[in-house]
Amino acid sequence: MSTTYRLGVLEGDGIGPEIVPSAVEIATAAARTTGVSVDWVTLPLGAAAIESHGTPLPEETKEALAGLDGWYLGPHDSVGYPEPHNSALNPSGSLRKHFQLFANIRPAKSFPGAKAVCDGADLVIVRENTEGFYADRNTFAGTGEFMPTADTAIMMGIVTRAATERVARVAFELARSRRKKLTIVHKANVLKLTTGLFRTVCQEVAQDYPDVAVDDFHIDAMTVHLVRRAQDFDVIVTENMFGDILSDLAGEISGSLGTAPSINASATTAMAQASHGSAPDIAGRNLANPVAMILSGAMLFEWLGARHGDAALTATAAVIQRAVADTIAAGVSTRDLGGTASTTEFTTAVSKAVHDGAGQG
């Protein structure tokens, strides 16, 4: 008998209620072609949850997520929340911290048929997700950011051997499954103790992966290398803030932030989340590019396939990825990729590609 996988759906704010249903529709169509059974569980989050539950991340949502195999998280507009929610840790950060989703995996791949600064980009940034210079999630209680006086603000950057080693192993395993190249990004020439420790621990882990070629660059130099020769990089591992900045840059280089997917994973669960924000300026206008959310879902299915040893889940991911690539290559894309398709038109085209691919198979 086939297993039914239970996946959460948190639409979020802004363009979330447009792109998350798009991603669910495509995943459902793809799962049907591979025989995967999915039970979708919709849960409250974001501005709508503030209205209905008095908080953007209700306890009942967190409790429900703990019993699921994974979930889709839409973008949220925490900047637009009323106080005290505006000043609190945002829903994404709260979920990453609560579930210890320590590995943020963000691919950047150029699509044939889409405008890209670097047509040959095909890389993955593995971002440590629980500490570093992200003060909202690098301490057990409170935050690593504080003001001893009204005119002085201090931020602590935390780097530990344990957190660095576990994310480094994720990155090396990923590199081993790809082109066997890994780049460590740091700022050890200035931040000698913190990012110096990050670099050192990654280099120590490298000893267990002699088949993976390793190099390292300072974060400032890396921004230049990505623009000039993104095609030369395979897997990049770095701390939290550096990874956030580099992945946005890599997404734009490869075509658009609208195509930049990601998952946030622990050893036991994962959350699909597009790298971009809620884009309130185009919310409700049927203009948003759903590719990043669709492909984030594909990454979740791929992760679940590896975790559960279920080839049908892995096949579902491949169906989604191929349908998106075929649709863009055929000239159908949203305006950020140089096309004219609306969100729903693009979703319909990808859904057709899923069915056409199944028919050819």
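Residue positions are given per chain, counted from 1 along the sequence in the order it is written. Under the rules for a predicted model, residues below a pLDDT of 70 receive no local features and side-chain atom pairs below 80 are neither given nor counted, while totals for whole chains, interfaces and linings still include all residues. Heavy atoms from the whole structure form the basis of all side-chain values; hydrogens and water molecules are not counted.

1. Things to note about the packing of aromatic side chains
Only centres within 6.5 Å qualify two rings of Phe, Tyr or Trp (six-membered ring in Trp) as a pair; their planes then separate them into stacked at under 30 degrees, edge-to-face at over 60, and tilted for everything else. Per the counting criterion, the structure on display carries 5 aromatic pairs. Ring geometry for Trp71 and Phe99: centres 5.0 Å apart, planes at 55°, overall tilted. Of this pair, Trp71 sits in strand 3 (residues 70–73) while Phe99 sits in the loop between helix 4 (91–98) and strand 4 (103–109), and the two are 28 residues apart along the sequence. Working definition: with a 1.4 Å probe on protein chains only, accessible area under 20% of the residue-type maximum means buried, over 50% means exposed, and in between means partly exposed. Using a relative accessible area of 0% as the deciding quantity, one classes Trp71 as buried. On the accessibility criterion, Phe99 (15% relative accessible area) is buried. Centre to centre, the rings of Phe217 and Phe233 are 6.0 Å apart; their planes meet at 75°, and the pair counts as edge-to-face. With a gap of 16 residues between them, Phe217 in strand 9 (residues 213–218) and Phe233 in the loop between helix 7 (219–229) and strand 10 (235–238) connect regions that are remote in the sequence. Pair check on accessibility: Phe217 and Phe233 agree, each one buried. Numbering of helices and strands starts at the N terminus; helices are DSSP runs of H or I of at least 4 residues and strands are runs of E of at least 2.

2. Regarding the environment of Thr238
With respect to the helices, strands and loops of the structure, Thr238 is situated in strand 10. Considering only alpha carbons, one finds Thr238 and Thr183, 55 residues apart in sequence, at a separation of 8.6 Å. Any two residues whose heavy atoms approach within 4.5 Å are treated as being in contact. Look past the residues within four positions of Thr238 in its chain and what remains in contact with it is Val126, Arg127, Glu128, Val185, Phe198 and Gly243. From its side chain, Thr238 meets the backbone oxygen of Val185 in a polar contact 2.9 Å long. Any pair of nitrogen or oxygen atoms within 3.5 Å is treated as a polar contact; in protein, a donor-acceptor pairing is required on top of that, and neighbouring residues in sequence qualify only through side-chain atoms on both sides.

3. Observations concerning empty space enclosed by the protein
With a 1 Å grid laid over protein atoms only, a set of points is called a cavity when a 1.4 Å probe fits there but cannot get out and a pocket when it is open yet has protein on both sides within 12 Å along at least five of seven lines; lining residues have an atom within 4 Å of a point. Grid points are joined across faces, edges and corners, and a volume is the space filled by probe spheres set on the points. Scanning the entire structure with this criterion turns up 2 cavities of 30 Å³ or more. Space inside the largest cavity adds up to approximately 40 Å³. Contributing to the lining of the largest cavity are Val319, Arg322, Ala323, Asp326, Ala353, Val354 and Gly357. Among the secondary structure elements, those contributing two or more residues to the lining of the largest cavity are helix 10 (311–329) and helix 11 (343–360). Top contributing element to the lining of the largest cavity by residue count: helix 10, with 4 residues. Side-chain classes are defined by residue name, with Ala, Val, Leu, Ile, Met, Phe, Trp, Tyr, Cys and Pro counting as nonpolar, Asp, Glu, Lys and Arg as charged, and the others, Gly among them, as polar. Per-class residue counts for the lining of the largest cavity are 4 nonpolar, 1 polar and 2 charged. Of the pockets and cavities examined, the second largest cavity occupies roughly 30 Å³. If you trace the second largest cavity, you find it lined by Glu128, Glu131, Gly132, Ile158, Val159, Thr164, Phe198, Glu239 and Asn240. Here the lining of the second largest cavity is built from residues that sort into 3 nonpolar, 3 polar and 3 charged.

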